[in-house]
Amino acid sequence: MSGFEARTSAAGSDALRDKYLDGLLAAGLYEDSCRSRYEAVNYRHLSPYKPSAYLVQKLREYEDRHRRCAPHTNAYKKMLPLLTGGVAAGTVEECKYLLWTPFSGLGNKIISLTSSFLYALLTERVLLIDRGRDFSKLFCEPFPGTSWLIPEDFPMKNLYFNRGDPLSYGSLVREKGIVNPLPSFVYAHVVTDFAQEDARFFFEEDQRALRGVPWLLVRSEVHYAAGLFLNADFEPELSRLFPETETVFHHLSRYLLHPSNKAWGMITRYYHTYLAKGKERLGIQIRIFNHENSPFENVSTQVVNCLMKEKLLPEIDLNDPQVVPGRWKIMDVVVTTLHSGYLDKIRSIYWEHPAAGGVLVSVHQPSHEEYQLMDDESHDMKAWAEMNLLSFSDALVTSAWSTFGYVGQGLGGLKPWILLRPRSPALQEPSCVRDISMEPCFHLPPAYLCEQKMDGKRGKVAPYVTYCVDVEGGLKVLARNSEVQ
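Please read these numbers as outputs of a predicted model, since none were measured by experiment.

Q: I keep staring at the state of the cysteines and nothing clicks. Help me out?
A: Simply put, disulfide is the name for a covalent bond between the sulfur atoms of two cysteines. Taken as a whole and judged by the stated rule, the model has four disulfides. C69 shares a disulfide with C95; S-S distance 1.9 Å. An S-S torsion of about -80 degrees defines the bridge between C69 and C95 as left-handed. Note that C69 is positioned in helix α3 (residues 53-69) and C95 in the loop between α4 (74-79) and β1 (97-101), a separation of 26 residues in sequence. Overall, C95 belongs to the buried group, its relative accessible area being 2%. Cysteines bonded in the chain are numbered consecutively along the chain; their disulfide partners then correspond to 1-4, 2-3, 5-6, 7-8.

The structure is reproduced here in structure tokens:
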């Protein structure tokens, strides 16, 4: 079908599948403890994007550092007194830590966590995460022979800080300017309500000051990787790690985020029941943010217009040819949305008339929860399963602003068509546009960062950081050879 890219031919034969993803994943783990880690490659198309040898090397170095500095090791115990302003037990600070706490919806948590792991790689920190209510139940442990969870006996019980806290980096800058040395524990507020002082987190001089902080807590709900690319100190290392610059989330999400056995069971059962027979798979993700501007009839028409205009679905055959058993091909369509109705709208296209070309279009929707529930295990388990099902697609249509869609496209290595967000109750035109890269968008970056780094006052450090198609003012990383808007 002309709307689909021949992604598998670029990646090679299915017979050559490598469960270690060209060295991205370490060998030697007990596979039954996390079946998805090495089985997911059999469900997604082979990625044409290969991790750099340098990224593979740095991941192995990170794993060694994490084992050496993990909770309850001697190195960790030496550093604990510094949480409360004490003195490290050893004469040398062996380890530095990045504490991450989940915040907002599941898609936001995932893109924030992946950006935080990238930051930990760049600054040689050990990433430890707050397990939250259900977060640890969705994912396997990613690092061999150790845990990334903050232990239950961690001395600091409350990790919920805000930008006005005296230990937030923005507050410290506001009070004293850039502080060197900084306290041994600092909170970085990387949330969309940035104050100008919080935005200093992305600047070179500030990162040099933060380098010496043993315990850094990050709270965020955005994919802030694009901001790291605008730091001149980080950019050379980022270019070595990711010569194909738009692959940051693609590689790191496949390295870091493996569905737990419970989640993987849901994913594979659904796949084999409904999707395994199809020759082609189309993923459609629909998210409504403003119901007043998004009446059902308009949005459903927008979706169908996009699918037909971009030839993502076959045209109907008005001649009503007879279907000859055994001579048709099946195309599976997976619809993920909180709402019911869109499934029937797409199915009805092929109810009165068949699809052209001997195609049978089979449309499925795993769930329709109607409302997003924060920190609800059952709701998040279904959402995580559906993100993975989207990543199995040949082509993908997603909704503007949706972090849910970002996760599906990143895991699958897909550059989606974006359903633009209606600004009024009128029918949205154009219905959709092709995204400029598969990287998630950095929503609502601080104005101060954009003024200083994007509008020519200091010259843009990374020519492949640009403004997003789907979020006004958002930033994203695109391929190095792409034309910046």
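Past the structure itself, the notes keep going.
Q: Looking at this structure, how should I read the environment of A75?
A: Residue placement: A75 occurs in helix α4. Distance from A75 to C95, taken between C-alpha atoms, is 6.8 Å for residues 20 residues apart in sequence. Setting aside anything within four residues of it in sequence, one finds A75 in contact with R68, C69, E94, C95 and Y97.

Q: Explain the side chain of T123 here, please?
A: Along the chain, T123 falls in helix α5 (residues 106-123). Given a relative accessible area of 13%, T123 falls into the buried group. Discounting chain neighbours no more than four positions away, the residues touching T123 are K96, Q207 and F234.

Q: Explain the pairing of strand β2 (residues 126-129) here, please?
A: On a regular strand, one side chain projects to one face of the sheet and the next to the other, so that they alternate. The side-chain alternation of β2 yields two buried faces, one formed by V126 and L128 and the other by L127 and I129. Between the parallel pair β1 and β2, the chain is carried across by α5, and the sense of this crossover is right-handed.

Q: I would appreciate a short explanation of unusual backbone geometry in the present structure.
A: Note: most peptide bonds trans; most residues except glycine with negative phi. With omega at -5 degrees, the peptide bond leading from E429 into P430 counts as cis. Tracing the backbone through its elements, the reader meets P430 in the loop between β9 (417-419) and β10 (432-434). Unusually for a residue other than glycine, K311 sits at a positive phi of about 55 degrees. Structurally, K311 is set in the loop between α14 (296-309) and β6 (329-337). The exposure class of K311 is partly exposed, given its relative accessible area of 42%. Here the phi dihedral of W401 falls at roughly 80 degrees; this positive angle occurs in a residue that is not glycine. Judged by relative accessible area, W401 falls into the partly exposed class, the value being 23%.

Q: I would appreciate a short explanation of the sheet that holds strand β4 (residues 215-220) in the present structure.
A: Sheets are built from strands paired through backbone hydrogen bonds, the pairs being either parallel or antiparallel. Strand order in the open sheet formed by four strands is β2-β1-β4-β3, and the pairing between neighbours is parallel. In the strand order of this sheet, the two ends are held by β2 and β3 (185-190), each with one partner. Sheet twist, expressed as the mean angle between neighbouring strand axes with direction ignored, is 25 degrees. Together, β1 and β2 form the strand contacts of α3, whose direction differs from that of β2 by roughly 60 degrees.

Q: I would appreciate a short explanation of the pattern of salt bridges in the present structure.
A: Two side chains bearing opposite charge may form a pair once their charged atoms approach each other closely. Across all of its chains, the model carries 14 salt bridges by this definition. With a shortest N-O distance of 3.2 Å, E61 and K58 are connected by a salt bridge. Of this pair, E61 and K58 both sit in helix α3, three residues apart, which is roughly one turn of the helix. The residue E63 makes a salt bridge to R60 at a minimum N-O spacing of 2.9 Å. One end of the pair, E63, and the other, R60, are both in helix α3, three residues apart, so they sit about a helical turn from each other.

Q: Before we go on, may I ask you to explain helix α7 (residues 169-176) in this structure?
A: Residue pairs spaced three or four apart in an α-helix point in one direction, given the helix's 3.6 residues per turn. Considered for burial, the residues of α7 that qualify are Y169, G170, S171, L172 and V173. Packed against the buried residues of α7 are β3, α8 (196-199) and α9 (204-210). Two residues or fewer past α7, G177 is found with a positive phi of approximately 75 degrees.

Q: How should α3 be read in this particular structure?
A: Look at α3: 24 Å from first C-alpha to last across 17 residues, which is about the 24 Å you get at 1.5 Å a residue. Taken as a whole, α3 has its buried residues at Y54, L55, V56, K58, L59, Y62, E63, R65, H66 and C69.

Q: I'm lost on the environment of H353 in this one. Help?
A: Positionally, H353 belongs in the loop between α15 (342-349) and β7 (359-364). Using a relative accessible area of 24% as the deciding quantity, one classes H353 as partly exposed. Distance in space between the C-alpha atoms of H353 and I316 is 6.0 Å, their sequence separation being 37 residues.

Q: Is there a simple way to think about the sheet that holds β10 in this case?
A: Read from one edge of the open sheet, six strands run β7-β6-β5-β8-β9-β10, paired in mixed fashion. Unpaired on one side and paired on the other, β7 and β10 mark the two borders of the sheet. Neighbour-to-neighbour, the strand axes of this sheet turn through a mean angle of 20 degrees, independent of strand direction. Two strands pair when backbone bridges link them, and β6 and β7 are joined in this way by six bridges, in the parallel orientation. When the bridges of β7 are listed, V333 appears paired with V363. Across the face of the sheet, α14 comes into contact with β5 (280-286), β8 (395-399), β9 and β10 while running at roughly 150 degrees to β5.

What counts, and where the lines are drawn
- Residues numbered from 1 in each chain as written.
- Predicted model: local features only at pLDDT ≥ 70, side-chain atom pairs only at ≥ 80, totals over all residues.
- Heavy atoms only, no water.
- Disulfide = S-S within 2.5 Å.
- Helix = DSSP H or I, 4+ residues; strand = E, 2+ residues; numbered from the N terminus.
- Buried < 20%, exposed > 50% of the residue type's maximum accessible area, 1.4 Å probe, protein only.
- Contact = heavy atoms within 4.5 Å.
- Right-handed = clockwise from strand over helix to strand, strands pointing away.
- Pairing = 2+ DSSP bridges.
- Axes fitted to C-alpha atoms, helices over the stretch in contact; angles between N-to-C directions.
- Salt bridge = Lys/Arg side-chain N within 4 Å of Asp/Glu carboxyl O.
- Expected span 1.5 Å × (residues − 1).

Don't take any of this as a statement about function, it's just geometry.
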